[in-house]
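# Topology and contacts: notes
Here is what each chain is made of, one letter per residue.
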Amino acid sequence: MPATGAGMSAAGELPRDGLVAVVKRDCPTCRLVEPVLAQLSGVLVFSQDDPRFPESVPNVRDDTDLDVSLALDIDTVPTLLRFAGGVEVERTVGWLRTAWEELTGLPGLGPDLPEHRPGCGSRTGDPDLADELLVRTHGDRLRSRRVELSALEDEIEALFDRGWSDGLPVVPPTPARVLRMLAGTSRAPDDLVGVVPPNLAEVTVEKVAVNAVLAGCRPEYLPVVLAAVHAACTDEFNAHGLLATTWGAGPAIVVNGPAARSIGMNSGGNALGQGNRANLTIGRALQLVIRNVGGGRPGEVDRAALGQPGKVGFCFAEDERGSPWEPLSVSRGVAPGSSAVTVFAAEGARGLADQISRTPESLARSLAAGLRGVAHPKLVTAFDATLVVCPEHARVFAQAGWSRAALEAALGEALLLQPADIERGADGIEEGVPAQLATRALPKFRPGGLMIVHAGGGAGMFSTVIGGWVGGPGGSQPVTTEVTAWT
Amino acid sequence: MDMTGGLRAAPTTRTVLDPTDERSAAHREPLPRPAALDGLRVGLLDISKPRGNVFLDRLAELLTERNVSVRRYAKPTFTKPAPMDLRREIAAECDVVIEALAD
């Protein structure tokens, strides 16, 4: 990234016309060229590590704070530059006699020196200084309040104490880490991503980046996190209601397209489980934004009676390559080949075992039987659900040529529930559909209330149902957003 | 020889950026001092430096003579901040706390 800001005042020391060299004593090539520098009358030398070096040159300036080196964007020492009319017109790095002679217009430089010696890395590239220099050159991009931790505070404990954690340790969001996170997007730090419930606080790209650092994300995950936050902040998704309900669901994310693969997300074995950094931290970052920016905390606006472990974060990728169907994002209107996130309300995942069915009709009815239990086996059209079809089940549908729509239709038919089975009191269970509504067969899910995703490992005839929450305009509807806008 | 000049790799984790909407203050002002101790519950916190107890014993005597109720607390060690549980205990049981350093 180019140096900006720092060194502008130091740059004032540079001559309008003449030669400038940047060196450090620690570099053997810099020491080698000392007699040549001493031979160049009027050369102004900036020393990165020892302001006394080179002793034999009269005009040496202290650049141990690296302001001039940053302003000149020095990568290698020695660098010899020529200025004319106040602008740099030429530079050469390392020692190459012909290049130095050409730049200075002087023949016969360093007759006792070898023809060529490569230079050394500039101190501006010193890994020990990388964070400090990053903050010095780009820290003015950051607007978030800076919080100083006292010398006695353990930094991890300090973040717990300030209430910024979901209960697990968080990564301290230092300015350097946040700047590195922001390198994951071309969006400006002050771009608005959404308005986060429950406090309806505006969230910027920078604030999302701060929380992505807390969550443990890598910078390349940031566009996915930004897209997820943007999607979760829509009226359709209704993160406020999802948070405030006494039901235990939380926001989950399924990622489609090349972004999921390029950041190494897991769509295969254990896709809904632990062990993959992108899966785990992207979902967590969204929840930390809702907690920290939106103010949505358990026991406050989050009134869940029990919650579920996935409320720490719930994110996975769809297995598109092994899928018999078009990607979920494409079914939901995104162009093929585009990366997208779909946020949806999610309870914990529950397995659906069927190791016997080899016909699509049997398997669809089998999966439908498992889906019937969402919310309650006798309740209908209130709660949405997501069905994650595993590869060994998907193969049965693929061999029969069943599209995603065909499976949806078969599930819908199998989930048309008869009044005698669902009305209040049926089966000796008081819960159920009121008798005045149970006058005909009723669908388990509202139209569009069942999402089908393909993911999982190659072995195991175990698909998974993820119950949701109240669907439709009064509840939470899945929202799909392209990632590209946030890259 | 110090080859690094004035610039060093600074401890970069001591400043963090606020992840919240910044509606609450980053720093809280201490409560104002009460004008009198009448009716207030006073905690005496020994930070466990040697002989802090001598000082606090005398304070306890003087306060008790004035009919001020006193509760005694001690940090496990002066080298570390008071444990969170102790801070909560004091906050729940006292209106005022006197923390004594004697050495």
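Every value quoted in this text rests on a predicted model; they were computed, and no experiment measured them. (Residues numbered from 1 in each chain as written. Chains lettered and ligands numbered in written order. Predicted model: local features only at pLDDT ≥ 70, side-chain atom pairs only at ≥ 80, totals over all residues. Heavy atoms only, no water.)

When helices and strands are counted, chain A shows 17 helices and 22 strands. Along the three orthogonal principal directions, the C-alpha set of chain A runs to about 100 × 50 × 35 Å. Within chain A, buried positions represent 54% of all 487 residues. (Helix = DSSP H or I, 4+ residues; strand = E, 2+ residues; numbered from the N terminus. Buried < 20%, exposed > 50% of the residue type's maximum accessible area, 1.4 Å probe, protein only.)

Turning our eyes to something else, we now look at the interface of chain B and chain A. Contacts between the two partners involve 27 residues from chain B and, on the opposite side, 46 residues from chain A. At the junction of chain B and chain A, the tally comes to 14 residue pairs in polar contact (both at pLDDT 80 or more). By residue number, the principal contributor to the side of chain B that touches chain A is strand β1 (residues 15–17) of chain B, which donates three residues. Each residue belonging to the side of chain B that touches chain A can be placed in one class, and the counts come to twelve nonpolar, eight polar and seven charged. (Contact = heavy atoms within 4.5 Å. Polar contact = N/O pair within 3.5 Å; in protein donor to acceptor, adjacent residues only side chain to side chain. Nonpolar A, V, L, I, M, F, W, Y, C, P; charged D, E, K, R; others polar.)

Now for the confidence of the model for chain B. In the predicted model, chain B carries a mean pLDDT of 83, and 81% of its residues have values of at least 70. In the predicted complex, the global pTM is 0.80; the interface-specific ipTM is 0.83. (pLDDT = per-residue confidence, 0-100.)

Let's shift gears to unusual backbone geometry. All names here are of chain A. For the bond running from Phe 53 to Pro 54, omega is -10 degrees, close enough to zero to count as cis. By secondary structure assignment, the location of Pro 54 is in the loop between β2 (44–47) and β3 (60–62). Pro 78 follows Val 77 through a cis peptide bond whose omega is -10 degrees. With respect to the helices and strands, the residue Pro 78 is situated in the loop between β4 (76–77) and β5 (79–84). In this structure, Asn 270 takes a positive phi of about 65 degrees despite not being glycine. Mapping Asn 270 onto the fold places it in the loop between α11 (258–262) and α12 (277–293). Unusually for a residue other than glycine, Thr 381 sits at a positive phi of about 55 degrees. What makes Thr 381 partly exposed here is its relative accessible area of 37%.

Let us now look at the state of the cysteines. Residues and elements named next belong to chain A. Here the structure, examined in full by the defined rule, presents zero disulfides over all chains. With no disulfide partner, Cys 30 has as its closest neighbouring cysteine sulfur the one in Cys 27, 3.4 Å distant. Exposure remark for Cys 30: the relative accessible area of 0% places this residue in the buried category. Of the cysteine sulfurs around Cys 217, a residue in no disulfide, the closest is that of Cys 315, at 9.1 Å. (Disulfide = S-S within 2.5 Å.)

Below, the discussion takes up the side chain of Gln48(A). Residue and element names in this part refer to chain A. Relative to the helices and strands, Gln 48 is located in the loop between β2 and β3. In this structure the side chain of Gln 48 is engaged in a polar contact, spanning 2.9 Å, whose partner is the side chain of Ser 122. Here the side chain of Gln 48 touches Arg 123 through a polar contact of 2.8 Å, landing on its backbone nitrogen. The contact partners of Gln 48, leaving out residues within four places of it in the chain, are Val 22, Val 23, Lys 24, Asp 63, Thr 64, Leu 66, Ser 69, Ile 74, Val 77, Ser 122 and Arg 123.

Residue and element names in this part refer to chain A. This structure, assessed with the given rule, holds 27 salt bridges over all chains. Of the charged contacts in the structure, one is a salt bridge between Arg 297 and Glu 300, with a shortest N-O distance of 3.7 Å. The partly exposed category is assigned to Glu 300, whose relative accessible area is 44%. In this structure, Asp 384 engages Arg 446 in a salt bridge whose closest nitrogen and oxygen atoms are separated by 2.9 Å. With Asp 384 in strand β17 (residues 383–389) and Arg 446 in the loop between β19 (442–443) and β20 (450–454), the pair connects residues that are 62 residues apart, well separated along the chain. For the pair shown, Asp 384 and Arg 446 are each scored as buried. Each of Arg 25, Asp 50, Arg 52 and Glu 55 takes part in salt bridges that share partners, so that together they form one network. (Salt bridge = Lys/Arg side-chain N within 4 Å of Asp/Glu carboxyl O.)

Another point: the pairing of strand β12 (residues 201–204) of chain A. All names here are of chain A. Only one face of β12 is buried, namely the one carrying Ala 201 and Val 203, since none of Glu 202 and Thr 204 on the opposite face is buried. Where strand β11 (residues 192–196) and β12 come together, four bridges link them in antiparallel fashion. Paired with Val 195 across the bridge in β12 is Glu 202. Connecting β11 to the next strand, β12, in antiparallel fashion are four residues, including Leu 200 with a positive phi near 55 degrees. (Pairing = 2+ DSSP bridges.)

To continue, consider the side chain of Glu392(A). When you line up the elements, Glu392(A) lands in helix α15 (residues 391–399). Here Glu392(A) is in contact with Gly458(A), Ala459(A), Gly460(A) and Met461(A), once residues within four sequence places are set aside.

Once that is clear, we can look at the packing of helix α9 (residues 222–232) of chain A against α12(A). Residue and element names in this part refer to chain A. The interhelical angle for the contact between α9 and α12, taken along N-to-C directions, is 45 degrees, at an axis separation of 9 Å. Between α9 and α12, the angle is such that the two are oblique. At the point where α9 passes α12, the crossing takes the right-handed sense. Packed against α9, whose contacting residues are Val 224, Val 225, Ala 228, Val 229 and Ala 232, the element α12 presents Ile 282, Ala 285, Leu 286 and Val 289 at the interface. Residue classes in the contact of α9 with α12 are distributed as nine nonpolar, no polar and no charged. (Axes fitted to C-alpha atoms, helices over the stretch in contact; angles between N-to-C directions. Parallel < 35°, antiparallel > 145°, perpendicular 65-115°, else oblique. Left-handed = near helix turned anticlockwise from the far one by under 90°.)

All names here are of chain A. Spatial strand order, β3-β2-β1-β5-β6: five strands in an open sheet with mixed pairing. Among the strands making up the open sheet, the edge pair consists of β3 and β6 (87–93). Taking the axes of each pair of neighbouring strands and ignoring which way they run, one obtains an average angle of 25 degrees across the sheet. As defined by bridge partners, strand β1 (residues 18–23) adjoins β2 across four bridges and the pair is classed as parallel. The residue bridging Val 23 from the neighbouring strand is Ser 47, located in β2. The strands touched by helix α4 (residues 97–104) within the sheet are β1, β5 and β6, with β6 carrying the most contacts at an inclination of about 165 degrees.

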